[in-house]
Amino acid sequence: MGQPAAPLMLLLLLLLRPAAPCFNVQPDSSTELNFTKRSRQCAELDWGHFQRQTRLWLSHNSIGALSPSSRVGPDLEELDLSYNQLQELPAAFLSQAWGLRNLQLQHNQLRALPAGFFTNATALESLRLEGNPLPVVPRTAFQASLRFLAVPCRCNVVGSILAHCACSQPNCTVLHCHCFTSHHDFLNATDFYAQECQGSVPLVAGLVGAASGVAVLVVVTAVVCYRRRKTAAAAATGTGWGKRESTTAHGQPRYISRAAEVGTAAAAAAPDYENVFVSPCTAPAATRGWTPGWQEERYSPQGPVDDDYFLESDAGCGDQPIYANTQRPIEDNIYIIPNQ
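Counting starts from 1 at the beginning of each chain's written sequence and moves along it residue by residue. Only residues with pLDDT of 70 or above have their local features reported here, since the model is predicted, and side-chain atom pairs are shown and tallied only from 80 upward, although totals for entire chains, interfaces and linings are computed over all residues. For the side-chain quantities, the full set of heavy atoms in the structure was used; hydrogens and water were omitted.

Topic: the overall build of the protein
Argument step 1. Where helices and strands are cited, they refer to DSSP runs of H or I of at least four residues and of E of at least two residues respectively, numbered from the N terminus. A count of helical and extended segments in the protein gives five helices and 12 strands.
Argument step 2. In the protein, buried positions account for 33% of the 340 residues. The buried label applies to any residue whose accessible area, calculated with a 1.4 Å probe on protein chains only, is under 20% of its type's maximum; exposed applies above 50%, and partly exposed to all values in between.

Some words on the pairing of strand β7 (residues 176–180)
Argument step 1. In terms of residue burial, β7 counts as a mostly covered element, since four of its five residues are buried.
Argument step 2. One requirement defines pairing of two strands: DSSP has to find at least two bridges between them. Here five bridges tie strand β6 (residues 148–152) to β7, and the two strands are oriented parallel to one another. When the bridges of β7 are listed, F148 appears paired with H176.
Argument step 3. In this structure, β7 lies alongside strand β8 (residues 186–188), joined through three bridges in antiparallel fashion. Each residue of the ladder has a partner; that of C179, found in β8, is L187.
Argument step 4. Taking the residues between adjacent antiparallel strands as the criterion, β7 and β8 are bridged by five residues, where H184 takes a positive phi near 65°.

Regarding the confidence of the model for the protein
Argument step 1. What pLDDT conveys is the predictor's confidence in a given residue, as a value from 0 to 100. When the pLDDT values of the protein are averaged, the result is 74; 55% of them are 70 or greater.
Argument step 2. Only heavy atoms enter the contact rule, under which two residues are in contact if any of them lie within 4.5 Å. Note that residues 201–208 has pLDDT below 50 and, in this model, zero contacts with residues that lie over four places away or in other chains.
Argument step 3. Taken as a whole, residues 273–279 scores under 50 in pLDDT and shows 27 contacts with residues more than four places along the chain or in a different chain.

Observations concerning the side chain of E78
Argument step 1. Along the polypeptide, E78 turns up in strand β3 (residues 78–80).
Argument step 2. Relative accessible area serves as the criterion here: at 17%, E78 is assigned to the buried category.
Argument step 3. Excluding its chain neighbours within four sequence positions, the residues that come into contact with E78 are T54, R55, L56, W57, L100, N102 and Q104.

Some points on the state of the cysteines
Argument step 1. Here, a disulfide means two cysteine sulfur atoms that sit within 2.5 Å of each other. Under the definition given, this model contains four disulfides.
Argument step 2. Residue C165 pairs covalently with C177 via a disulfide, S to S 1.9 Å. On the S-S bond that ties C165 to C177, the torsion sits near -95°, and the link is left-handed. Here C165, found in the loop between α2 (155–159) and β7, pairs with C177, found in strand β7; they are 12 residues apart in sequence, far enough to count as distant.
Argument step 3. Given the relative accessible area of 9%, C165 is considered buried.
Argument step 4. By relative accessible area, which is 4% here, C177 ends up buried.

Points about the side chain of S82
Argument step 1. Summarising the element assignment, S82 is placed in the loop between β3 and β4 (102–104).
Argument step 2. Among all residues touching S82, those that are not within four sequence positions of it are S59, H60, Q104, L105, Q106 and N108.

Concerning the sheet that holds strand β1 (residues 32–34)
Argument step 1. In space, the eight strands of this open sheet follow the order β1-β2-β3-β4-β5-β6-β7-β8, with mixed pairing throughout. In this open sheet, the two edge strands, each paired with only one partner strand, are β1 and β8. Across the sheet, the axes of successive neighbouring strands diverge by a mean angle of 15°, strand direction being ignored.
Argument step 2. Strand direction decides the pairing type here: β3 and β4, joined by three bridges, are parallel. Its bridge partner being in β4, E78 is matched across the sheet by N102.
Argument step 3. In the packing of helix α3 (residues 189–197) onto the sheet, the strands contacted are β7 and β8, and the crossing angle to β8 comes to about 80°. Simply put, an axis is a line fit to the C-alpha atoms, just over the touching stretch for a helix, and the angle between two N-to-C directions goes from 0 to 180 degrees.

What about α3?
Argument step 1. Every buried residue belonging to α3 is among A189, F192, Y193 and C197, and all of these are buried. Seen along its axis, α3 keeps its buried residues to an arc of 95°; they face one direction. Comment: arc refers to directions from the helix axis out to C-beta atoms.

Section: the pairing of β6
Argument step 1. Burial within β6 is extensive, with four of its five residues counted as buried.
Argument step 2. As paired elements, strand β5 (residues 126–128) and β6 share three bridges and run parallel to each other. Following the sheet pairing, R128 is matched in β6 by A150.

Quick look at the structure:
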């Protein structure tokens, strides 16, 4: 039982053994160390070995991360971490970097830097950030001592630094802002933005305006179509203030104006009323030698004899009958003759 357990214990010890340091740093090493291209793979760099240095070059070492407790010492003046694989930096990495003048972080994989990352780097003169997928440069990077800044040639990044790249006060030192393209072309940041980015602003605004106009047009069209369909549906189903029934056998349309009762029992029981016609008497036009067609005998009455809903008036000539629907079919038709 004891022998099989021995290999397992050895494997466990190997796994728990601290990883070998990325660099062999002696306690009495120089204050200036150049470890460029000394490591092919460094998953996490232990910063505890670099507390005495004033200049430190660590580029091209495939460094993937820095230990979470990493802090730049107050005596460090120049630091080169370029051409590694850093995706982020500890938030307090520069919290004691009062003497740092030159910081090179170009060509890593930095996606963001904390807003207050450069707050205590008050002596910073040169900062290189090109070759990183950064969206913006933190405002704390623009110390009064900063003279040179390099960023990627992308409109969002360059746009975040333009306000700090111009001298607005007399006797001030102009900050030199540059950007690098993917082909390693060195460009002036202000010129790049004017040529590549400002022209896209009106284009984007125009596209947004056109899209808004199309949206409004679609909404208006939809509202018009909806109202037309609603009106057509109301006419077809008999809803609304009135409806026009289909033409009857004698060719005259019938009109009903009991909108409030459509579809109710009262509406079904109440009789409809036929078109109102004037009395078939001699009209003023007859004195001129002709008779209107609607006064001809064949048009009076203007419905079949057996049509029980047609109302015929006994009023004399010159009187205009008004037919009323009493809403109760058991009563006789009522003829109202004006002035009688």
